[in-house]
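One-letter residues, chain by chain:
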Amino acid sequence: MYVKFFKRVLDLLLSVVALIVLSPIFLILTLVGAVAMRGNPFFFQSRPGKKGKDGKEKIFKLIKFRTMSNKKDKDGNLLPDGMRLNRYGIILRSTSLDELPELLNILRGDMSIVGPRPQLVRDMVFMNEEQRHRHDVRPGLTGFAQINGRNNITWEQKFKYDIQYIDNGITFVGDVKIILRTVGKVFKRSDTVREGTVSDMDFGDWLLKESKVSRETYDAKQKEAKDLIGV
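Summarised in this report is the structure supplied together with it. (Residues numbered from 1 in each chain as written. Predicted model: local features only at pLDDT ≥ 70, side-chain atom pairs only at ≥ 80, totals over all residues. Heavy atoms only, no water.)

## What to know about the overall build of the chain
Okay, step 1: A tally of regular secondary structure across the chain gives ten helices and four strands.
Okay, step 2: For the chain, the succession of helices and strands along the chain, N to C, is α-α-β-β-α-α-α-β-α-β-α-α-α-α.
Okay, step 3: Taking the principal axes of its C-alpha atoms as reference, the chain extends roughly 55 × 45 × 30 Å.
Okay, step 4: Of all 231 residues assigned to the chain, the portion counted as buried reaches 45%.
Okay, step 5: For the chain, the computed accessible surface area is about 13000 Å², with 59% contributed by carbon and sulfur atoms.
Okay, step 6: Between the averaged position of the 40 positive side-chain charges in the chain and that of its 28 negative side-chain charges there is a distance of 5 Å. (Helix = DSSP H or I, 4+ residues; strand = E, 2+ residues; numbered from the N terminus. Buried < 20%, exposed > 50% of the residue type's maximum accessible area, 1.4 Å probe, protein only. Areas by Shrake-Rupley, 256 points an atom, 1.4 Å probe, with all protein chains shown as cover. Lys, Arg positive; Asp, Glu negative; His and termini not counted. Charge placed at Lys NZ, Arg CZ, Asp CG, Glu CD.)

## Section: helix α10 (residues 215-229)
Okay, step 1: Taking 1.5 Å as the rise per residue, α10 with 15 residues should run 21 Å; its terminal C-alpha atoms sit 22 Å apart, in good agreement.
Okay, step 2: Residues of α10 that are buried include every one of Tyr218, Gln222 and Ala225, and no others. Buried residues in α10, looked at end-on, bunch into an arc of 60°, giving them a common side. Facing away from the buried side of α10 by more than 90 degrees, the exposed set consists of Glu216, Lys223 and Asp227.
Okay, step 3: Elements in contact with the buried residues of α10: α6 (121-124) and α9 (203-209).
Okay, step 4: Of the residues flanking the end of α10, it is Gly230, one or two places downstream, whose phi is positive at about 75°. (Expected span 1.5 Å × (residues − 1). Arc of directions from axis to C-beta. Contact = heavy atoms within 4.5 Å.)

## A word on helix α4 (residues 87-95)
For an α-helix, the turn length of 3.6 residues means that residues three or four places apart are oriented alike.
Okay, step 1: Regarding α4, the residues found buried are Tyr88, Gly89, Leu92, Arg93, Ser94 and Thr95.
Okay, step 2: Between the side-chain oxygen at the start of α4 and the backbone nitrogen of Tyr88 there is a gap of 3.3 Å, and the oxygen is on Asn86.
Okay, step 3: Two residues or fewer after α4 comes Ser96, characterised by a positive phi angle close to 65°. (Polar contact = N/O pair within 3.5 Å; in protein donor to acceptor, adjacent residues only side chain to side chain.)

## With respect to the pattern of salt bridges
Okay, step 1: On inspection of all chains with the given rule, the structure shows 16 salt bridges.
Okay, step 2: The salt bridge partner of Arg117 is Glu102, with a shortest N-O separation of 2.7 Å. Taken together, the positions of Arg117 in the loop between β3 (112-114) and α6 and Glu102 in helix α5 (residues 102-108) put the pair 15 residues apart, joining distant regions of the chain.
Okay, step 3: Residue classification places Arg117 among the buried positions, given a relative accessible area of 10%.
Okay, step 4: For Glu102, a relative accessible area of 0% corresponds to the buried category.
Okay, step 5: Salt-bridge contacts for Asp110 lead to Arg108; the nearest nitrogen and oxygen are separated by 3.5 Å.
Okay, step 6: Each of Lys64, Asp98, Glu99, Glu102 and Arg117 takes part in a single network of salt bridges with overlapping partners. (Salt bridge = Lys/Arg side-chain N within 4 Å of Asp/Glu carboxyl O.)

## A short note on a nonpolar patch on the surface
Okay, step 1: On the surface, Leu12, Leu13, Val16, Val17, Ile20, Val21, Leu104 and Leu107 cluster together into a nonpolar patch covering about 650 Å² of accessible area.
Okay, step 2: Only α1 (2-21) and α5 provide two or more residues apiece to the nonpolar patch.
Okay, step 3: Looking at the nonpolar patch element by element, the count peaks at six residues for α1.
Okay, step 4: With respect to the secondary-structure elements, Val16 resides in helix α1.
Okay, step 5: Since its relative accessible area comes to 38%, Val16 is described here as partly exposed. (Patch = residues over 30% accessible without salt bridge, like charges linked within 9 Å, V, L, I, M, F, W, Y side chains within 5 Å.)

## Observations regarding the side chain of Gln45
Okay, step 1: Among the secondary structure elements, Gln45 is positioned in strand β1 (residues 42-51).
Okay, step 2: Given the relative accessible area of 18%, Gln45 is considered buried.
Okay, step 3: Excluding its chain neighbours within four sequence positions, the residues that come into contact with Gln45 are Phe60, Lys61, Leu62 and Leu120.

## A few points about the side chain of Arg66
Okay, step 1: Following the sequence through the fold, Arg66 ends up in the loop between β2 (57-65) and α3 (81-84).
Okay, step 2: Within polar-contact distance, the side chain of Arg66 engages the backbone oxygen of Asn40 at 3.3 Å.
Okay, step 3: For Arg66, the side chain forms a polar contact with the side chain of Asn70, separated by 3.4 Å.
Okay, step 4: In contact with Arg66, other than residues within four places in its own chain, are Met37, Asn40, Pro41, Phe42, Phe43, Tyr88 and Leu92.

So, to be careful, I would describe these as geometric facts and stop short of saying anything about function.
Structure below.
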């Protein structure tokens, strides 16, 4: 009953309350972000959501506050992440305020407050059938993997926690515990980025680096991801 009805009601209630209470911060970050990023302060990206009746993941547009500029080199290519991440972006990431607009995704029904974090489409195509079991439920603003290391655990550990969250049975008490532990981590600013990196490594890149996939498989999967999002 909780998963089928009350969880969605709780999502709507909490997201509406949060948007109302945090609306001043939302407005300030929108204005400051427009200046800091020299343009649109919002970042939209295709992410895989809950599977539909056809068994395929529904692709939706995730909304976040932009943390990196669109600076390019002389050839028109985006500069490396470390050169595009300014002080404003670092503050947003360390405080997790860049995730605030995702409350709109929750209102729309793309996401839930608690669930497996929505990864990139180019991560999804590298997942095996068991790992894609995480898409049997709505992705979350926070999840079991986020309170157990977030970006300082391996991809395989992340997926293990995601599946564990589903297989152990999703409950109201369990979700409340995850929310409370998430709040604690946000205040401590822990596990926001993998140690020694500016951004977390994509799943496919990690698999290639660890020699778990061949270059041919990697290239084919990257093309599959581009086809799914129409790039």
